[in-house]
Amino acid sequence: MSFVTVRDVFQEYDGRPIIERVNLDVAEGEFVSIVGASGCGKSTFLRLLLADETPTRGRITVDGGKPAREPGRERGVVFQKYSVFPHMTVRDNIVAAESFPKGWGWFRGAKLREARARADEVLERIGLAHVAGNYPSTLSGGMQQRLAIGQALHARPRILLLDEPFGALDPGTRLSMHDFLTQLRAETSMTVFMVTHDLGEGFKLGDRVLVFDKTRWDPDYPERYGATITYDFDARDHGIPYQHILDKIPSLAAAATPPPA
Amino acid sequence: MRLLNRHPTRPAGVLLAALPFVAVLIAYWIGSEIRLAANPQDKLLPAPATILNTAAGLFTEPNKRTGEILLWADTWASLRRLALGVGIGALISLTVGVGIGLLPYVRRGLSSFVAVLSMVPPLALLPILFIVFGLGEISKVVLIVIGITPFLIRDLSQRVLDIPHEEIVKAQTLGASTWVIALRVVLPQILPRLIAGIRLSLGAAWLFLIAAEAVAAEVGLGYRIFLVRRYLAMDIILTYVIWITLLAFLIDFALKTLSRKAFPWLGGGL
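Basis of the calculations
- Residues numbered from 1 in each chain as written.
- Chains lettered and ligands numbered in written order.
- Predicted model: local features only at pLDDT ≥ 70, side-chain atom pairs only at ≥ 80, totals over all residues.
- Axes fitted to C-alpha atoms, helices over the stretch in contact; angles between N-to-C directions.
- Helix = DSSP H or I, 4+ residues; strand = E, 2+ residues; numbered from the N terminus.
- Parallel < 35°, antiparallel > 145°, perpendicular 65-115°, else oblique.
- Contact = placed C-beta atoms within 7 Å.
- Core = buried A, V, L, I, M, F, W, Y, C linked by C-beta atoms within 7 Å.
- Buried ≥ 20, exposed ≤ 12 C-beta atoms within 10 Å, placed from the backbone.
- UniProt positions renumbered as here; feature names shortened; annotations may be inferred.
- Nonpolar A, V, L, I, M, F, W, Y, C, P; charged D, E, K, R; others polar.
- Pairing = 2+ DSSP bridges.

Structural notes on the packing of helix α8 (residues 178–215) of chain B against helix α10 (residues 234–262) of chain B
Residue and element names in this part refer to chain B.
In step 1: Look at α8 against α10: their axes get within 9 Å of each other, and the N-to-C directions meet at 175 degrees. When the interaxial angle is binned, α8 and α10 end up roughly antiparallel. Contact with α8, carried on its side by Pro192, Ile195, Ile198, Arg199, Leu202 and Trp206, involves Ile244, Ala248, Ile251, Asp252, Leu255, Lys256, Leu258 and Ser259 of α10 and no other residues of that element.

Below you can see the structure in the form of structure tokens.
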């Protein structure tokens, strides 16, 4: 059953096609990594999923609903930078995920205390409880991204979009963020799209790895054609999905087993 | 070692900072001595001691007819006009600036208009203000508002546009409405910039205030300076000039401190 459905999506800027003929079906709970060369349109595709931009042609739907025209609460997002609010403390950044849909975007009195208590639980889980009162600028890059992910998840989105979330982190921090994300995913089983430069990261975290590339190329006019999904790898079981195929499809197993002589 | 890599030690730094002030004072003192030696009745460069004397009188002695101390009356009148003008200007520019920066419709509608408006020399409008609003308080306050608001609007709207698009998108994914984004994401982040903008435009605000008072007023620092000019009372003028400078400096310092105290998340920026 397709949860996120992408049908014949084209996107062009000023007549320059960026991506073309993209079709995709993603089941609920899948983790989709998106890789490709710089400028291949993978970030554009993520913005389309985010509904920050509407595609020139085609439609993107979530759970059979209407195509979104602006970002909303069903989509959570973490960017490489600027994903948390610098003027709010770490705790208030989490509280914002609850208070922003309210009329004034603000809690008072008992509601604020309750929201802060819930925020503290979140911070405890993501390991930021000790810096709850700090401002984000005093945090390391890894902690800021952890806060950004915690904030996005606290709003309980239906799909989570990550735009090179660990791109600016050093390799050690990046590894611990992988563990952090894997653990969070085990708890929430949410549908995730992650754009990354790092192939290894894409295969390690993703259930599927999509590669964006141009299928047509005009040497005299490189901007003539856009990119599309050229490969759709099954990345489960360390990228070797068919080693358990007999367990998954018993009828095949019966056929494969030689009949007793 | 290159000159650009040489740094003064702390005492030397303090000395260097004091040097220009001392130099100006000494230059004035020498000039005054020379002129007074030639003509003891000279009024152009009164001796520092005369100025101090006059200043002490201006700050303490009440006017014989009205019983109030003129300098303080002038100060309150001027500061009131300045505060009203800057305050109203700040409120207008905050509203319009956020509107232009955040809402494409307002941006298309107003940004060229504000750009043109900021080219109008405010002092050229002063006669019109006097005709429309009369010679009272309103025309002076309006001159300050007209003088500083276009600059502040352009500055603030640019700052709103400079807020990373990622933050605005993030707020939307958390379910924030346009109003909440303006109130909780944009406004807190440009308030420090508003204070910085006010600090920059205070010089212009003083200029417009004194110009308006010089043309038509009954009380005020600028009015007094231009009044006693007729008697060549340089000691009074100099006292007022130094007093205005001191006030401007104190206001600037207060705003700077406020900005640092009120926005700890900036982490020493500005």
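Points about the nonpolar core
In step 1: Ile34(A), Leu161(A), Phe193(A) and Ile144(B) are the most contacted members of the largest nonpolar core, which totals 103 residues.
In step 2: By residue number, the principal contributor to this core is α8(B), which donates 13 residues.

Considerations on the UniProt feature "transmembrane region" (unreviewed entry) in chain B
All names here are of chain B.
In step 1: Under the local residue numbering, the UniProt record ascribes the feature "transmembrane region" (unreviewed entry) to residues 12–30, 82–106, 113–132, 203–225 and 237–255.
In step 2: In the segment residues 12–30, helix accounts for 100% and strand for 0%; the C-alpha atoms at its two ends are 26 Å apart.
In step 3: Taken end to end, residues 203–225 is 78% helix and 0% strand, and its two terminal C-alpha atoms sit 17 Å from one another.

Things to note about the interface of chain B and chain A
In step 1: On the chain A side, the residues contacting the 20 residues of chain B number 27 residues.
In step 2: Of all elements in the fold, only α7 (165–173) and α8 of chain B reach the threshold of two or more residues within the side of chain B that touches chain A.
In step 3: For the side of chain B that touches chain A, the element with the highest residue contribution is α7(B), accounting for seven residues.
In step 4: Across the side of chain B that touches chain A, the residue classes break down as eleven nonpolar, five polar and four charged.

Concerning unusual backbone geometry
All names here are of chain A.
In step 1: Within the chain, Tyr82 stands out as a residue other than glycine whose phi angle is a positive 60 degrees.
In step 2: For Tyr82, the position within the fold is in the loop between β5 (75–78) and α2 (90–99).
In step 3: Phi angles above zero are rare outside glycine, and Glu164 is one such case at about 45 degrees.
In step 4: By the element assignment, Glu164 lies in the loop between β6 (159–163) and α5 (171–188).

Describing the UniProt feature "domain: ABC transmembrane type-1" (unreviewed entry) in chain B
In step 1: Mapped onto this numbering, the UniProt entry annotates "domain: ABC transmembrane type-1" (unreviewed entry) at residues 79–259 of chain B.
In step 2: With 85% helix and 0% strand, the stretch residues 79–259 of chain B has end C-alpha atoms that lie 21 Å from each other.

What to know about the pairing of strand β2 (residues 16–26) of chain A
Residue and element names in this part refer to chain A.
In step 1: Where strand β1 (residues 4–13) lies against β2, seven bridges are found, and the strand directions are antiparallel. Bridging from a neighbouring strand, Val9 pairs with Val22 of β2.
In step 2: With antiparallel pairing between neighbouring strands as the criterion, β1 and β2 make up a hairpin whose turn holds two residues, including Asp14 at a positive phi of roughly 50 degrees.

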